[in-house]
Amino acid sequence: MPYENHNWAADPVLSVEHLTMRFGGLVAVDDLSFDVGRGDITALIGPNGAGKTTVFNCVTGFYKPTEGRIALRRNGKVPGDVIADLTKSGRQYDETKEHAVFLLERMADFKITEIAGVARTFQNIRLFGGMTALENLLVAQHNKLMRASNYTIGGLLGLPGYRRAAAAAKEMAVEWLRRVDLLDRADDPAADLPYGDQRRLEIARALCTNPVLLCLDEPAAGLNPRESAELNGLLRSIRDDHGVSVLLIEHDMGVVMGISDHIVVLDYGKKISDGTASEVRSDPKVIAAYLGVDDEEVEEVERDLEVTSGATGAEGGAR
Ligand SMILES: Nc1ncnc2c1ncn2[C@@H]1O[C@H](COP(=O)(O)OP(=O)(O)OP(=O)(O)O)[C@@H](O)[C@H]1O
């Protein structure tokens, strides 16, 4: 299918353009561009050290990119000239009745979560282990509650606005606990939960911030096959039932190929492939990168693969 006909080109929630991140002499991400379709599950894959986490850190404001633009369209179709004007203006975002667009490379991490609507989880689980599962989800809504208290002691005084916000926060936390199948563990300390449950609790915590884009860094790491299958179901339901777009880094190809609408492949900080699961899995460059052949040998492997696929008539066909 031509690139422009894909959902990620027609209605992108996120556009990463010419992103470069250098650490001293090391170029971790090199002039990378890709789109994330609204309502899609998009996977960022690639061998170890390819630059995937660095891209995540740039999108979520943990790193300021050396170069490039990262535009998040929270709602509405945003005409290209609106983004061009915003870029020239030096402002961080443009919010009107019709649209809301944010230039994430200009924003602090907490603003990216709070205002733009991007939430993330980490490779290493970062829950508050001593707090209960429910409390972890309430803490995620702390800023909302602070606003409801007008940043005063309104909470302590039990002002009606604060009480309403606190009740809504609890309702949302309970609802997400139910959806990730952890309601019966609500009052248990997070650290006491099995590993797979902690991963789902982290995802629920991110969702409590009401994101439009959920970024998951290796959500299947350390899960057994049953837990991986449950994760697939959860991610599909986040996309289908809640309309949240998902961008994930994942090494588990069962998860990636099973649920992704769109896959972007990195190697040495550059994009080497971009397409659907069936397009990417049959791309010789991807196969070569995963086989770990040297750059000089890629063309040779490609030629071999072309001969092989030509001989068998194989055209991918992941789904
Ligand atoms: N803060 C940093 N300072 C210096 N170099 C860094 C930093 N963060 C990442 N790098 C380097 O950038 C390159 C890309 O790393 P990154 O962690 O983004 O890759 P990755 O694709 O996420 O790898 P993995 O799959 O192993 O997690 C690596 O060479 C890494 O050593």
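Residues numbered from 1 in each chain as written. Predicted model: local features only at pLDDT ≥ 70, side-chain atom pairs only at ≥ 80, totals over all residues. Heavy atoms only, no water.

Around the ligand, the surrounding shell holds 14 residues, and the nearest of these are N48, G49, K52, T53 and T54. Taking T53, its side chain carries an N or O atom lying 2.8 Å from an oxygen atom of the ligand. H251 has a polar side-chain atom sitting 3.0 Å from an oxygen atom of the ligand. When the ligand sits alone it has 630 Å² of accessible area, and the protein chains cover 64% of it. Of all the elements in the fold, those that place two or more residues in the shell around the ligand are β2 (26-37) and α2 (52-59). At 3 residues, α2 tops the list of elements feeding residues into the shell around the ligand. For the shell around the ligand, the class distribution of residues is 6 nonpolar, 7 polar and 1 charged. (Near = heavy atom within 4 Å. Polar contact = N/O pair within 3.5 Å; in protein donor to acceptor, adjacent residues only side chain to side chain. Areas by Shrake-Rupley, 256 points an atom, 1.4 Å probe, with all protein chains shown as cover. Helix = DSSP H or I, 4+ residues; strand = E, 2+ residues; numbered from the N terminus. Nonpolar A, V, L, I, M, F, W, Y, C, P; charged D, E, K, R; others polar.)

With that out of the way, let us pick up the packing of aromatic side chains. Counting across every chain of the model gives 3 aromatic pairs. Measuring from ring centre to ring centre gives 5.4 Å for F23 and Y63, while their planes differ by 75°; the resulting arrangement is edge-to-face. You can see F23 sitting in strand β1 (residues 12-23) and its partner Y63 sitting in the loop between α2 and β4 (67-75), a full 40 residues away along the chain. For F23, a relative accessible area of 34% gives the class partly exposed. Residue class for Y63 comes out partly exposed when judged on its relative accessible area of 29%. Its guanidinium or amino end placed over the ring of F62, R120 lies 4.9 Å from that ring's centre, counting from NZ or CZ. Just above the ring of W176 sits the side chain of R179; from NZ or CZ to the centre is 5.2 Å. (Phe/Tyr/Trp six-rings, centres within 6.5 Å; stacked < 30°, edge-to-face > 60°. Buried < 20%, exposed > 50% of the residue type's maximum accessible area, 1.4 Å probe, protein only. Lys NZ or Arg CZ within 6 Å of the ring centre and 35° of its normal.)

Here we take up the pattern of salt bridges. Counting across every chain of the model gives 17 salt bridges. A salt bridge links R185 to D188, with the nearest nitrogen and oxygen atoms 2.5 Å apart. Residue class for R185 comes out partly exposed when judged on its relative accessible area of 22%. Since its relative accessible area comes to 25%, D188 is described here as partly exposed. Close ionic contact of K271 with D274 constitutes a salt bridge, the shortest N to O distance being 2.8 Å. On the accessibility criterion, D274 (19% relative accessible area) is buried. (Salt bridge = Lys/Arg side-chain N within 4 Å of Asp/Glu carboxyl O.)

Okay, the sheet that holds β4 next. Backbone hydrogen bonds are what pair the strands of a sheet, in a parallel or an antiparallel way. With antiparallel pairing, 5 strands are arranged side by side in an open sheet as β2-β1-β4-β6-β5. At either end of the open sheet lies a strand with only one pairing partner, and these are β2 and β5 (93-95). Between one strand and the next, the sheet's axes are offset by a mean angle of 15°, whatever the strand orientation. Note: β5 against strand β6 (residues 100-103), 3 bridges, orientation antiparallel. Each bridged residue has a counterpart across the sheet, and for E95 the counterpart in β6 is A100. Sheet strands touched by α2: β1, β2 and β4. Its angle to β1, the strand with the most contacts, is close to 115°. Relative to β6, helix α3 (residues 80-89) is tilted by about 45°, and along the sheet it contacts β4, β5 and β6. (Pairing = 2+ DSSP bridges. Axes fitted to C-alpha atoms, helices over the stretch in contact; angles between N-to-C directions. Contact = heavy atoms within 4.5 Å.)

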